[in-house]
Amino acid sequence: RAVAMSVSHSSRLNKLVREQYMRLPQDGMVQVTYVWIDGSGEGVRCKSRTLDKEPKSIEDVPEWNFDGSSTAQAEGSNSDMFLVPVCMFRDPFCLDPNKLVLCEVLKYNRKPAETNLRHTCKKVMDLVKDSHPWFGMEQEYTLLGINGHPYGWPDNGFPGPQGPYYCGVGADKVYGRDIVESHYKACLYAGVKICGTNAEVMPSQWEFQVGPCEGIEMGDHLWMARFILHRVCEDFGVVATLDPKPMTGNWNGAGCHTNYSTEEMRREGGLKHIEAAIEKLSKRHDYHICVYDPRGGRDNSRRLTGHHETSNIFEFSAGVANRGASIRIPRQVGQDGCGYFEDRRPAANCDPYAVTEAIMRTTVLNETGVETKDYTDH
């Protein structure tokens, strides 16, 4: 009974009846679902339209618009916002030939909306493309019942202490694996570059990894993976939260660890380039903390305490195989003398465009201080 009460009403609708309609032919018509980031900088929105033939590339998907006053992105008196398609995926919910399309949001004057952080990220990635930056991001999230309580936790009280849950197996250690495996398959079907998943340290907390992705592709694929996660959770009647510290007390928070390398770091002798990049990051810690969550570091201050496998938000640190450091160099990379490093500071609810742009500004474009340079003239 407790489990039944923690899922949404919609998830209890008869899915076999739905399946009857989903099998109906479309007579050559195609459903395209437009997906965008709303005014919170964290939420995603979507709406669908019919095209009379299957789009073969992003250029085949027309621009569209939406009411920005209903997404905290515009005033009601001037509410139309533009949806500009940027990246197309197969639709794992309505199946081929239907599509999911990630969009940038532009205001009435064709300038990027405040939460459209892709716009400047793309400029920076174009500038640094000869470095061939690769990213892999590890998205942690927590499953909640519709009542806001972690899914599968006792209604009154807490599960046993952390220890048996990380990469756990068994009904008493793992909550919600159906959701995780459904999300994984849906991402593979869609063409999202998902590369793994695991149960996390706190019960009902999970992680999936996306990458390696080059340049702007990292943000595109992680945002679409998040959208697919929220849609899968909707079908199961639970909620996925990206809150960096969903439960106070002796429980791990949720991050979005970011693995990064350039071509020269990946080549023989690349360790010296890794160390040089870390040295640049060490001098710009405050700037990075500011852009690593949507609230200028306030969300991360609840998570980066120096406990529960985190560094202290006020101090920069780096080390080989050290999960309590700001930057971790994997042991294998230390042995091989080349590879990548992991920035462990980004919060689970970070914008991947902001994170990857900041890393490139500091490590390749050699920016310093808290101000960023405007590259519009380039």
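These numbers were taken from a predicted model, which means no experiment stands behind them.

Draft legend 1. Fine view of the pairing of strand β8 (residues 205-214). Summarising burial for β8: 8 of the 10 residues are buried, a large majority. As defined by bridge partners, strand β6 (residues 134-144) adjoins β8 across 8 bridges and the pair is classed as antiparallel. Counted as the bridge partner of T142 is Q205 from β8. Looking at chain direction, strand β7 (residues 194-199) and β8 are connected through 5 bridges and run antiparallel. What sits directly across from N198, in β8, is E207. Counted along the chain from β7 to the antiparallel partner β8, the turn is 5 residues long, and its residue S204 has a positive phi close to 70°.

Draft legend 2. Expanded view of the sheet that holds strand β1 (residues 30-37). As summarised here, the arrangement of the 5 strands in space is β2-β1-β5-β4-β3, forming an open sheet in which the pairing is mixed. The open sheet has two edge strands, β2 (44-51) and β3 (64-67), and neither has a second partner. Adjacent strand axes in the sheet meet at a mean angle of 40° when their direction is disregarded. Summarising the sheet, β1 and β2 pair through 8 bridges and their orientation is antiparallel.

Draft legend 3. A look at the domain arrangement of the protein chain. With domains assigned, the protein chain is organised as domain 1 (10-115) and domain 2 (125-364). Here the C-alpha centroids of domain 1 and domain 2 sit 26 Å apart. Contacts between domain 1 and domain 2 engage 21 residues on the former and 23 residues on the latter. Across the interface of domain 1 and domain 2, roughly 1,900 Å² is buried in total on both sides, 69% from carbon and sulfur atoms. Its largest share of buried area at the contact with domain 2, domain 1 owes to E42, F89 and F93, together 33% of the area lost on that side. Viewed at the interface, domain 2 and domain 1 are joined by 1 salt bridge. Note that E42 is salt-bridged to R295, the shortest N-O span being 2.8 Å. Of all elements in the fold, only α2 (15-22), β1, β2, β4 (80-90) and β5 (99-106) reach the threshold of two or more residues within the side of domain 1 that touches domain 2. Taken together, the residues that form the side of domain 1 that touches domain 2 break down as 12 nonpolar, 3 polar and 6 charged.

Conventions and cut-offs
- Numbering of residues begins from 1 in every chain and follows the order in which that chain's sequence is written.
- Local features are withheld for residues below a pLDDT of 70 in this predicted model, meaning they are given only at 70 or higher, and side-chain atom pairs are given and counted only at 80 or more; totals for whole chains, interfaces and linings count all residues.
- Excluding hydrogens and water, the side-chain figures rest on all heavy atoms present in the structure.
- Note on exposure labels: buried denotes an accessible area under 20% of the residue type's maximum, exposed denotes more than 50%, and partly exposed covers the range between, all computed with a 1.4 Å probe on protein chains only.
- Strands here are runs of E lasting at least two residues and helices are runs of H or I lasting at least four, both read from the DSSP assignment and numbered beginning at the N terminus.
- Any two strands between which DSSP finds at least two bridges are classified as paired.
- Inter-axis angles, ranging from 0 to 180 degrees, are taken between N-to-C directions of lines fitted to C-alpha atoms, where helices are fitted over the stretch in contact.
- Domain boundaries shown here were taken from an automatic or database domain assignment.
- We call two residues in contact whenever any of their non-hydrogen atoms come within 4.5 Å of each other.
- Using a 1.4 Å probe, buried area is obtained as the accessible area two parts lose upon being combined, added over both of them.
- The term salt bridge refers to a pairing of a side-chain nitrogen on Lys or Arg with a carboxyl oxygen on Asp or Glu at a separation within 4 Å.
- Here the term charged refers only to Asp, Glu, Lys and Arg, the term nonpolar to Ala, Val, Leu, Ile, Met, Phe, Trp, Tyr, Cys and Pro, and the term polar to all other amino acids, Gly among them.

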